[in-house]
Amino acid sequence: MTDRNANKMWGGRFSVSPAEVMQEINASIAFDKALAPQDIRASKAHAAMLAAQGIISKDDAKKINAGLDRVLEEIAAGRFQFSRALEDVHMNIESGLEELIGEPARRLHTARSRNDQVATDFKLYVRDWIDGADAALGGLQLALARKAETHCDTIMPGFTHLQPAQPVTFGHHLLAYVEMLARDRGRFADTRARLNECPLGAAALAGTSFPIDRHMTAEALGFDRPAANSLDAVADRDFALETLAAAAITAMHLSRFAEEIVIWMTPQFAFVRLSDKFTTGSSIMPQKRNPDAAELVRAKAGRIAAAFQGLLMVMKGLPLAYAKDMQEDKEATFDALASLQLGVAAMTGMVEDLEPNGEAMRAAAAGGYSTATDLADWLVRALGLPFREAHHVTGRIVAAAEAKGLTLDKLPLADMRAVSPRITEAVYSVLSVQNSVKSRTSFGGTAPQNVRKMARAWIKRLEKAAGKG
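Residues numbered from 1 in each chain as written. Predicted model: local features only at pLDDT ≥ 70, side-chain atom pairs only at ≥ 80, totals over all residues. Heavy atoms only, no water.

A. Layout of the overall build of the protein. Within the protein, the secondary structure is distributed over 18 helices and six strands. Taken over C-alpha atoms, the radius of gyration comes to 31 Å for the protein, far larger than the 23 Å a tight globule of 469 residues would show. Viewed in the frame of its principal axes, the protein has a C-alpha envelope of about 105 × 50 × 40 Å. For the protein, buried positions account for 47% of its 469 residues. Counting contacts in the protein only where the partners sit at least 6 residues apart, residues at least 24 apart contribute 73% of the total. Looking at the protein as shown, the accessible area adds up to about 22,900 Å², and 53% of this sits on carbon and sulfur atoms. Each charge class in the protein was averaged separately, 56 positive and 56 negative side chains, and the resulting centres sit 5 Å apart. (Helix = DSSP H or I, 4+ residues; strand = E, 2+ residues; numbered from the N terminus. Rg over C-alpha atoms; globule rule 2.2 N^0.38 Å. Buried < 20%, exposed > 50% of the residue type's maximum accessible area, 1.4 Å probe, protein only. Contact = heavy atoms within 4.5 Å. Areas by Shrake-Rupley, 256 points an atom, 1.4 Å probe, with all protein chains shown as cover. Lys, Arg positive; Asp, Glu negative; His and termini not counted. Charge placed at Lys NZ, Arg CZ, Asp CG, Glu CD.)

See below:
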């Protein structure tokens, strides 16, 4: 017996309903309903074009447009009933539209396929997310730059191998992340520029015999142009891969900073403090203040990177054009982008909340013989030693200071002259951490005057950009 309800959208070819497990694996409405606003936006543009080209009547297009507005209102109000039997967001919206306006809804799918429809919706979703992410990342940069200006002369140890290396300023350290985030925003901007070609009208894979105007729909949806090859238009998921790759790099940057916050909050470092807003306690140890927000930002980098790798594996073996495998493109992408959005918001809050312990930072900066390079540089400038010789002399002086348990600026001049007799009292001018950071005036260096100037330049630039937004 023929079951005409097997699937009201494509049931003409099939006589019985799909197996229960087939319905289970095939349905995507649980996650792709997130595309509803984009699907309706694209459908309205498509209907307007069909009417302009005389493919459907203007009256039908008007009814479709009004009906889609009502569907969107119902979705926004939580009244729209998504049906798993209808598989995906596209069929659900079309079915809902038909319930509202009747026969004109059945003309909407003329000259398009779910293949070009989903590619268009997904591109619109990713593009919308990139625009929001750019603003959020700009907000995080601004928070960092403002904190950097406030602490342009707060001295802390700079590390290599997580060992004290040279003194820097806390402001300089924060500005390093401003630069990282600028590259992140650049990657998203590049991705946005490349994805901004419209797949709509490519239909299933070969285009359509209807006299459609793809330039009209592309312009209506804010794309730069229609995608030039119908096969590529429906088969392409580079835009999602590029966005996930950029997201993974951004998440890695957030994770590095989160890791530093975790380390800095330990009693052994005690470099910074976060308030109750971004810390939690222990269910058994009443003294604990745990940097859970930072830890979770750090952890989310893993799921974001995994989403990129997962989609790469989905796409790597697919012949042209569309394959159902590509249904796996959205769920992990949605999760990864939401995770990054949350991570950026949490990090922005932590940066604004974070208070450095200048005394602990400065004390740590003075340890580990962090001004040894300053001593070597002084030997080159003042005594004319070749740097390699100055490096060797400095190493011997550090060993002498270490043997006496003294910092370099406390080591008697006689001990230094025992290594190199030409050293004078003037050497002490470069051995304090304050003078060390003050001397690093080369472009991009940690000198407070540099940091203040760079922080103010970033603040001005970011505030101007935010104002334009």
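B. Fine view of helix 15 (residues 387-404). A rise of 1.5 Å per residue sets the reference length of helix 15, with its 18 residues, at 26 Å; its end C-alpha atoms lie 26 Å apart and thus fit the reference within 8%. Turning to helix 15, its buried residues number three or more, namely Ala 390, Val 393, Thr 394, Ile 397, Val 398 and Ala 401. Buried residues in helix 15, looked at end-on, bunch into an arc of 145°, giving them a common side. Facing away from the buried surface of helix 15 by more than 90 degrees, the exposed residues are Arg 388, His 392, Glu 402 and Ala 403. Just downstream of helix 15 lies Gly 405, where phi reads positive at about 70°. (Expected span 1.5 Å × (residues − 1). Arc of directions from axis to C-beta.)

C. Just the pattern of salt bridges, in detail. Following the criterion strictly, the structure yields 24 salt bridges and no others. Two residues, Asp 276 and Arg 289, come together in a salt bridge whose shortest N-O distance is 2.8 Å. With a gap of 13 residues between them, Asp 276 in the loop between strand 5 (272-273) and helix 11 (292-315) and Arg 289 in the loop between strand 5 and helix 11 connect regions that are remote in the sequence. Classification of Asp 276 by relative accessible area gives exposed; the value is 60%. Arg 289 gets classed as partly exposed once you look at its relative accessible area, which sits at 30%. (Salt bridge = Lys/Arg side-chain N within 4 Å of Asp/Glu carboxyl O.)

D. Expanded view of the nonpolar core. Counting 91 residues, the largest nonpolar core has Leu 144, Phe 257, Ile 261, Leu 340 and Met 347 as the members making the most contacts within it. The element contributing the most residues to this core is helix 10 (residues 238-264), with 15 residues. If we ignore the near neighbours within four places in the chain, the residues touching Phe 257 are Leu 144, Leu 174, Tyr 177, Trp 264, Met 347 and Val 351. Counting residues in each nonpolar core, the second largest holds 21 residues, with Leu 383, Val 393, Val 419 and Ile 423 among its members. (Core = buried A, V, L, I, M, F, W, Y, C linked by side-chain atoms within 4.5 Å.)

E. Broad picture of the packing of aromatic side chains. Going through the model one piece at a time under the given rule, you end up with 10 aromatic pairs. Ring centres of Phe 122 and Phe 334 lie 6.1 Å apart, and the angle between their planes is 90°; this geometry places the pair in the edge-to-face category. Here Phe 122, found in helix 6 (residues 114-150), pairs with Phe 334, found in helix 12 (residues 331-353); they are 212 residues apart in sequence, far enough to count as distant. Each member of the pair Phe 122 and Phe 334 is classed as buried. Looking at Arg 127, its charged tip hangs above the ring of Phe 223, at a distance of 4.7 Å from the centre. (Phe/Tyr/Trp six-rings, centres within 6.5 Å; stacked < 30°, edge-to-face > 60°. Lys NZ or Arg CZ within 6 Å of the ring centre and 35° of its normal.)

F. Geometry of the environment of Ser 255. Mapped onto the elements, Ser 255 comes out in helix 10. Residue classification places Ser 255 among the buried positions, given a relative accessible area of 14%. Put simply, Ser 255 and Met 347 are 92 residues apart on the chain and 9.6 Å apart in space, counted from C-alpha to C-alpha. Apart from the residues lying within four places of it in its own chain, the contact partners of Ser 255 are Arg 298 and Ala 301.

G. Looking closely at the packing of helix 6 against helix 10. Where helix 6 contacts helix 10, the two axes come as close as 11 Å, and the packing angle between them is 25°. On the basis of their axis angle, the class for helix 6 and helix 10 is roughly parallel. Here the hand of the crossing between helix 6 and helix 10 comes out left-handed. Judged by residue contacts, Ala 119, Phe 122, Lys 123, Val 126, Trp 129, Ile 130, Leu 137, Leu 140 and Leu 144 of helix 6 engage Phe 239, Ala 240, Thr 243, Thr 250, Leu 254 and Phe 257 from helix 10. Its residues placed into classes, the contact of helix 6 with helix 10 shows 12 nonpolar, two polar and one charged. (Axes fitted to C-alpha atoms, helices over the stretch in contact; angles between N-to-C directions. Parallel < 35°, antiparallel > 145°, perpendicular 65-115°, else oblique. Left-handed = near helix turned anticlockwise from the far one by under 90°. Nonpolar A, V, L, I, M, F, W, Y, C, P; charged D, E, K, R; others polar.)

H. Structural context of the layout of surface pockets. Estimated volume of the largest pocket: approximately 590 Å³. Along its surface, the largest pocket is lined by 26 residues, and His 172, His 173, Leu 175, Ala 176 and Gly 444 are the ones closest to its centre. Elements with a contribution of two residues or more to the lining of the largest pocket: strand 1 (155-160), strand 2 (163-169), helix 7 (170-195), helix 10 and helix 18 (448-468). If one sorts the elements of the lining of the largest pocket by residue count, helix 7 sits on top with seven residues. The residue inventory of the lining of the largest pocket, partitioned by class, reads 10 nonpolar, 11 polar and five charged. (1 Å grid on protein atoms, 1.4 Å probe; cavity = no way out; pocket = protein on both sides within 12 Å on 5 of 7 lines; lining within 4 Å. Points joined across faces, edges and corners; volume = space filled by probe spheres on them.)

I. The arrangement of empty space enclosed by the protein in detail. Taken as a whole and judged by the stated rule, the model has three cavities of 30 Å³ or more. Of the voids in this model, the largest cavity is the one considered here, and its volume is about 50 Å³. Lining the largest cavity we find Leu 140, Leu 144, Tyr 177, Met 180, Leu 181, His 253, Leu 254, Phe 257 and Met 347. Elements with a minimum of two residues in the lining of the largest cavity: helix 6, helix 7 and helix 10. Here the lining of the largest cavity is built from residues that sort into eight nonpolar, one polar and no charged.

J. Geometry of the packing of helix 7 against helix 10. It is at 8 Å that the axes of helix 7 and helix 10 come closest, and there the two elements cross at 170°. Between helix 7 and helix 10, the angle falls in the class roughly antiparallel. Split by residue class, the contact of helix 7 with helix 10 holds 14 nonpolar, five polar and six charged.

K. Local environment of helix 6. In a regular helix each residue adds 1.5 Å, so 37 residues correspond to 54 Å; helix 6 covers 54 Å between its end C-alpha atoms and thus fits that length. Counted residue by residue, helix 6 has 26 buried out of 37 residues, so it is predominantly covered. The distance from a side-chain oxygen at the start of helix 6 to the backbone nitrogen of Asn 115 is 2.9 Å, and the residue carrying that oxygen is Ser 113. (Polar contact = N/O pair within 3.5 Å; in protein donor to acceptor, adjacent residues only side chain to side chain.)

L. A look at a nonpolar patch on the surface. A contiguous nonpolar patch, built from Val 21, Met 22 and Ile 25 and spanning about 330 Å² of accessible area, is present on the exposed surface. The residue Ile 25 is located in helix 1 (residues 20-26) in this model. (Patch = residues over 30% accessible without salt bridge, like charges linked within 9 Å, V, L, I, M, F, W, Y side chains within 5 Å.)

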